[in-house]
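Coordinate inspection notes
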Amino acid sequence: MATVIDGKAVAQTIRSEIADEVRLLSQKYGKVPGLAVVIVGNRKDSQSYVGMKRKACAELGIKSFDINLPEEASEAEIIKNVHELNANPEVHGILVQLPLPKHVNEENVLTEISLTKDVDGFHPLNIGKLAMKGRDPLFLPCTPKGCLELLSRSGVSIKGKKAVVVGRSNIVGLPASLLLLKADATVTIVHSHTSQPENIVREADIVIAAAGQAKMIKGSWIKPGAAVIDVGTNSVDDPTRKSGYRLVGDVDFEEASKVAGWITPVPGGVGPMTVTMLMKNTLEGAKRIIEQNN
C-alpha cells in the first residue's frame, strides 16, 4: 500500500514555521506582512475560499485587507483598487479572486498587480521567468508550489525522474510542469488531445493530476512505487451523504493506493497546501520589501 501524504499535517508544519518568521519580522522591524484580497460579486465558492484566507492570516499574524466590490463593478474600478493597493506600503501581497464577472477582462486586471506583490504568481513576467533557464520568478503559483513541497517533504527526489503532468491549465498544469523541469525532472504533459494517455502516465515516477475529471486515472495507469499528487477536486453524487455528494480526485484513490509508493488523498492532500503557500508567498514578499527599506 502507498504511503498516504497528509497535506493537512504538512501544511500545519509549514504554518508554524511561517508564524515564527512573522513574529521575528515584527520584533525586528515592527512590521508584519499584509495580504489584500479583492473579490468581485458574491460567488459562494469564492466567498468560502476568501474566508479560508482570512482565517489563515489571523492564525499566522498576517494583516488582512479586504476589498469587496459588487458584481457590476467596472474593469476600471477594479483596476483603480489594485493601483491603490500597489501604492499601500502595508500591503505586501495582492490577490484578485478568480473568476471575475464576464464583463471584466481578467488579463487586463492581473497585469496591473505590481510584480513585487503578485503572490498568486500569475503575472506574465513571473510565469515567463519560471519558463526560462537561469531565471527565477519573484513568486511561484501557490498550488504547483504546494505540490512540489509535498514531494520534497515526503522524501521524494525529483532530479532525473520521469514526471507526467495531466492537464495544462495556466493555474496548475503548465506551471507545475515548469517547476518539475526546474527541479531537473524529465517532463511530459498529457492533455485532452494526447493519444493513449495511460501508456505515458504508466512510465512516470511522479504523476501530478490536474485534469478536472473524476477518477480519470486508474490504478492500472500507475507505475508501481510512483509518487502521485492529485490536485483534482470533483464532486460526485453520493446519496449516503447529507450533502448528497462527496469530493473525489482525478485519480481513482482506491485502485492507485494499492500500486503507488506515495499518494495524496482528496480532500486533505493538496487543498490545505494552496492557502498555506499563499501565506508563504506573502511572507516572502514582505521580507523582500521590509528588508530592502530598512
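The coordinates are above.
Predicted model only: the values in this text are computed from it and were never measured. (Residues numbered from 1 in each chain as written. Predicted model: local features only at pLDDT ≥ 70, side-chain atom pairs only at ≥ 80, totals over all residues. Heavy atoms only, no water.)

With that settled, consider the side chain of Ser-177. As for its placement among the helices and strands, Ser-177 is situated in helix α7 (residues 173–182). Residue Ser-177 is classed as buried on the basis of its relative accessible area of 5%. Setting aside residues no more than four positions away along its own chain, Ser-177 makes contact with Val-165, Val-187 and Ile-189. (Helix = DSSP H or I, 4+ residues; strand = E, 2+ residues; numbered from the N terminus. Buried < 20%, exposed > 50% of the residue type's maximum accessible area, 1.4 Å probe, protein only. Contact = heavy atoms within 4.5 Å.)

Look at helix α3 (residues 75–87): 19 Å from first C-alpha to last across 13 residues, which is about the 18 Å you get at 1.5 Å a residue. Turning to α3, its buried residues number three or more, namely Ile-78, Ile-79, Asn-81, Val-82 and Leu-85. All buried residues of α3 project into a common sector of 155° when viewed along the axis, lining one side. Facing away from the buried side of α3, by more than 90 degrees, are the exposed residues Ala-76 and Ala-87. Taken together, the buried residues of α3 touch β2 (34–40), β3 (63–69), β4 (93–96) and α4 (106–110). (Expected span 1.5 Å × (residues − 1). Arc of directions from axis to C-beta.)

What follows covers the sheet that holds β3. What the three strands build is an open sheet, ordered β3-β2-β4; its pairing is parallel. A single partner strand is all that each edge strand has here, and the edge strands are β3 and β4. The mean angle between the axes of side-by-side strands here comes to 15°, regardless of whether they run parallel or antiparallel. With seven bridges joining them, β2 and β3 adopt parallel strand pairing. Along β3, the bridge assignment pairs Leu-35 with Ser-64. Sheet strands touched by helix α2 (residues 44–60): β2, β3 and β4. Its angle to β2, the strand with the most contacts, is close to 165°. (Pairing = 2+ DSSP bridges. Axes fitted to C-alpha atoms, helices over the stretch in contact; angles between N-to-C directions.)

We now examine the packing of helix α1 (residues 7–29) against α2. One can describe the packing of α1 onto α2 by two numbers: an axis separation of 9 Å at closest approach and a directional angle of 55°. Put simply, α1 runs oblique to α2. Of the residues in α2, those touching α1 at Gln-12, Arg-15, Ile-18, Ala-19 and Val-22 are Ala-56, Glu-59 and Leu-60. When the residues that make up the contact of α1 with α2 are grouped by side-chain class, the tally is five nonpolar, one polar and two charged. (Parallel < 35°, antiparallel > 145°, perpendicular 65-115°, else oblique. Nonpolar A, V, L, I, M, F, W, Y, C, P; charged D, E, K, R; others polar.)

Attention now goes to the layout of surface pockets. Taken as a whole, the largest pocket encloses approximately 1,100 Å³ of empty space. Every residue lining the largest pocket is counted, 37 residues in all, and those nearest its centre are Tyr-49, Thr-143, Val-231, Thr-233 and Thr-274. Sorting the residues of the lining of the largest pocket by element identifies α2, β4, α6 (142–153) and α10 (271–293) as the ones contributing at least two each. With five residues, α2 is the single largest residue contributor to the lining of the largest pocket. Residue composition of the lining of the largest pocket, by class: 20 nonpolar, eleven polar and six charged. Considering only enclosed or pocket space, the second largest pocket measures out at about 320 Å³ in volume. (1 Å grid on protein atoms, 1.4 Å probe; cavity = no way out; pocket = protein on both sides within 12 Å on 5 of 7 lines; lining within 4 Å. Points joined across faces, edges and corners; volume = space filled by probe spheres on them.)

Among the secondary structure elements, Asn-199 is positioned in helix α8 (residues 197–201). The spatial distance from the C-alpha of Asn-199 to the C-alpha of Ala-210 is 17 Å, given a sequence separation of eleven residues.

Moving on to the sheet that holds strand β1 (residues 3–4). Taken in spatial order, the six strands line up as β1-β11-β8-β7-β5-β6 in an open sheet, and their pairing is parallel. The sheet terminates laterally at β1 and β6 (186–190), the two strands that pair on one side only. The strands touched by α6 are β7 (206–209) and β8 (227–230); relative to β8, the strand with the most contacts, the crossing angle is about 150°. Lying on the sheet, α7 is in contact with β5 (162–166), β6 and β7; it crosses β5 at an angle near 170°.

Side chains of nonpolar character tend, in soluble globular proteins, to be buried together. Core analysis: the biggest nonpolar cluster contains 50 residues, and Leu-35, Leu-180, Ile-208, Ile-229 and Met-279 have the highest contact counts within it. Here the element with the most residues in this core is α10; it accounts for eight residues. Once residues lying within four places of it in the same chain are set aside, the contact partners of Ile-229 are Ile-5, Cys-147, Leu-150, Leu-151, Val-207, Ile-208, Ala-209, Thr-264 and Val-270. Counting 19 residues, the second-largest nonpolar core is a separate cluster that includes Val-38, Ile-67, Val-96 and Val-109. (Core = buried A, V, L, I, M, F, W, Y, C linked by side-chain atoms within 4.5 Å.)

Honestly, that's just the spatial picture; any functional story needs more than this.
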